[in-house]
Amino acid sequence: MTGATASRTLADAPWLRGGGLTRLLDVLNRNGEEARVVGGAVRNAAIGLPVAEIDVATTALPEEVVKRASEAGFKPVPTGIEHGTVTVVIDGEPFEVTTLRRDIETDGRHAKVAFGRDWQEDARRRDFTINALSAGRDGKVYDYVGGLADLDKRRVRFIGDPQKRIEEDYLRILRFFRFHASYSEGGHPDTEGLAACIAGRDGLDQLSRERVRMEMMKLVIAQHAVPTLIAMADSGLLLRVLGGVSYLRSGEDTSELRSHS
């Protein structure tokens, strides 16, 4: 798919009908720049699930985002400005705004990025098709990689070559299973994705225990955690993962984890 889908809009999404987000989009969508809601908010809204966080992508450079936010009376916080991210606080509500990017180098944990203006290129650098959706101020959904079709089928699928996506960040192995547990209907994981996860399992050793632990904590509270953990065990990955994690807290953090995508 090379452009916007004509069959899906989020015009009725409450976060596009007023409030801080619409004010932010109005500020960023002018003078040749464009901003859209991206990622989890679009994914969840498209299938009627609650939206916990709203992230924004923009063609504007980080310095321009800070300038426009300040002039509008918002509070810009340079939380990750070297990677293109500025958190804009409006009436106490934070919105993460990130400039469009393309990867220059990756080492399995970190990526060196360059800023860009190509929405399709930015979408293709993401992990899964269902996470690469974006929506404009009018609610129109843009889908460059078949994410809506996969979302309708409750299928978690890597964008492009699964092995390449995993080599860019080996945490994507665990994210593959976590998103499968959250958004599938409990069936077998995507065959190509599963094979790539098994082939790339040695890369898990590069990850910190904390990153692994946090991802697994999100997985075990997902709707279809049990069949997903069984799939991980059958593929020889579960023991590999748990061998590097000292413990998994299951009670005190679950309410916080359920709100994160």
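Look up a bit, the structure's there.
For the structure given in this document, a descriptive report is provided here. Given the structure is predicted, the values throughout are model-derived calculations rather than measurements.

## Focus: the pattern of salt bridges
- The full count for this structure, using the stated rule, is 18 salt bridges.
- With a closest N to O distance of 2.8 Å, Arg-175 and Asp-127 form a salt bridge. Here the residue Arg-175 occupies a position in helix H7 (residues 171-183), and Asp-127 occupies one in the loop between helix H4 (119-124) and strand E9 (134-135), the gap between them amounting to 48 residues. Of the two residues, Arg-175 and Asp-127, both sit in the buried class.
- Measuring nitrogen to oxygen at the nearest pair gives 2.4 Å for the salt bridge that ties Asp-150 to Arg-155.
- Here the residues in one salt-bridge network are Asp-150, Arg-155 and Arg-157, joined through shared partners.

## Topic: the packing of aromatic side chains
- This structure, assessed with the given rule, holds six aromatic pairs.
- Aromatic side chains Phe-158 and Phe-176 sit 5.3 Å apart centroid to centroid with 10° between the ring planes, which places their arrangement in the stacked category. Here Phe-158, found in the loop between helix H5 (147-152) and helix H6 (162-168), pairs with Phe-176, found in helix H7; they are 18 residues apart in sequence, far enough to count as distant.
- A residue is classified by how much of its surface remains accessible, and Phe-158, at 2% relative accessible area, is buried.
- A ring pair is formed by Phe-176 and Phe-177, whose centres lie 5.3 Å apart and whose planes are at 75°; its orientation type is edge-to-face. In terms of burial, Phe-176 and Phe-177 fall into one category: buried.
- Here a set of aromatic residues connected by ring pairs shows up, and it is made of Phe-128, Phe-158, Phe-176, Phe-177, Phe-179 and Tyr-183.
- In this arrangement the basic side chain of Arg-36 is found over the ring face of Trp-119, its NZ or CZ atom lying 4.1 Å from the centre.
- In this structure, Arg-36 is placed above the aromatic ring of Tyr-142, and the distance from its NZ or CZ to the ring centre is 3.6 Å.

## Examining the packing of helix H9 (residues 209-220) against helix H10 (residues 225-234)
- At a minimum axis separation of 9 Å, H9 and H10 run at an interaxial angle of 130°. Relative to H10, H9 is oriented oblique. Seen from H9, the contacting residues are Met-216, Leu-219 and Val-220; seen from H10, they are Ala-225, Thr-228, Leu-229 and Met-232.
- A per-class count over the contact of H9 with H10 returns six nonpolar, one polar and no charged.

## Considering the pairing of strand E2 (residues 35-38)
- Here E2 shows two buried faces, one formed by Ala-35 and Val-37 and the other by Arg-36 and Val-38.
- Direction of pairing for E2 relative to strand E3 (residues 55-58): antiparallel, over a ladder of four bridges. If you follow Ala-35 over to E3, its bridge partner there is Thr-58.
- As defined by bridge partners, E2 adjoins E9 across two bridges and the pair is classed as antiparallel.

## Quick look at the side chain of Arg-165
- As for its position among the elements, Arg-165 is in helix H6.
- At 2.6 Å, the side chain of Arg-165 and the side chain of Glu-168 are in polar contact.
- Apart from residues no more than four positions distant in its own chain, Arg-165 is found in contact with Arg-124, Arg-126, Asp-127, Phe-158, Ile-159, Gly-160 and Arg-172.

## A short note on the side chain of Asp-122
- With respect to the helices and strands, the residue Asp-122 is situated in helix H4.
- Among the polar contacts made by the side chain of Asp-122, one reaches the main-chain amide nitrogen of Arg-101 at a distance of 3.0 Å.
- Excluding its chain neighbours within four sequence positions, the residues that come into contact with Asp-122 are Leu-100 and Arg-101.

## Points about the nonpolar core
- Among the nonpolar cores identified, the biggest contains 59 residues, and Leu-10, Trp-15, Leu-21, Leu-24, Val-88 and Phe-177 are the most heavily contacted of them.
- The element contributing the most residues to this core is H7, with eight residues.
- When sequence neighbours within four positions are dropped, the list of residues in contact with Leu-21 reads Trp-15, Leu-16, Val-37, Ile-54, Val-56 and Phe-95.
- Grouped together as the second largest cluster of nonpolar side chains are ten residues, Trp-119, Tyr-142, Tyr-144 and Ile-159 included.

## Focus on unusual backbone geometry
- For Asp-91, which is not glycine, the phi dihedral falls at a positive 55°.
- Of note, Arg-154 is a non-glycine position whose phi angle comes to about 55°, a positive value.
- Tracing the sequence through the fold places Arg-154 in the loop between H5 and H6.
- You can call Arg-154 partly exposed: its relative accessible area is 28%.

Calculation notes
- Per chain, residue numbering runs from 1 following the sequence as it is written.
- Where totals are concerned, whole chains, interfaces and linings use all residues; where local detail is concerned, this predicted model gives features only for residues with pLDDT of at least 70, and gives and counts side-chain atom pairs only at 80 or more.
- Only hydrogens and water are set aside when side-chain values are computed; all heavy atoms of the structure are taken into account.
- Whenever Lys or Arg places a side-chain nitrogen within 4 Å of a carboxyl oxygen from Asp or Glu, that contact is recorded as a salt bridge.
- In this description a helix means any DSSP run of H or I spanning at least four residues, a strand means any run of E spanning at least two, and both kinds are numbered starting from the N terminus.
- Whether a residue is buried, partly exposed or exposed follows from its accessible area with a 1.4 Å probe, protein chains only, as a fraction of its type maximum: under 20%, in between, or over 50%, in that order.
- Two rings from Phe, Tyr or Trp (for Trp, the six-membered ring) form a pair when their centres are within 6.5 Å of each other. A pair whose planes differ by under 30 degrees is stacked, one over 60 is edge-to-face, and the rest are tilted.
- Placement of a charge over a ring requires the Lys NZ or Arg CZ to be within 6 Å of the ring centre, with the centre-to-atom vector within 35 degrees of the ring normal.
- Simply put, an axis is a line fit to the C-alpha atoms, just over the touching stretch for a helix, and the angle between two N-to-C directions goes from 0 to 180 degrees.
- Roughly parallel means an angle under 35 degrees; roughly antiparallel means over 145; roughly perpendicular covers 65 to 115; every other angle is labelled oblique.
- Pairs of residues are marked as contacts when any of their non-hydrogen atoms sit within 4.5 Å.
- Polar here means any residue other than Ala, Val, Leu, Ile, Met, Phe, Trp, Tyr, Cys and Pro, which are nonpolar, and Asp, Glu, Lys and Arg, which are charged; Gly is therefore polar.
- Paired strands, in this sense, are two strands between which DSSP finds at least two bridges.
- In protein, a polar contact means a hydrogen-donor-capable atom and an acceptor-capable atom, both N or O and within 3.5 Å, with residues adjacent in sequence counting only if both atoms are side-chain atoms; elsewhere, any N or O pair within 3.5 Å suffices.
- What we call a nonpolar core is a set of buried Ala, Val, Leu, Ile, Met, Phe, Trp, Tyr and Cys residues that are connected through their side-chain atoms within 4.5 Å.

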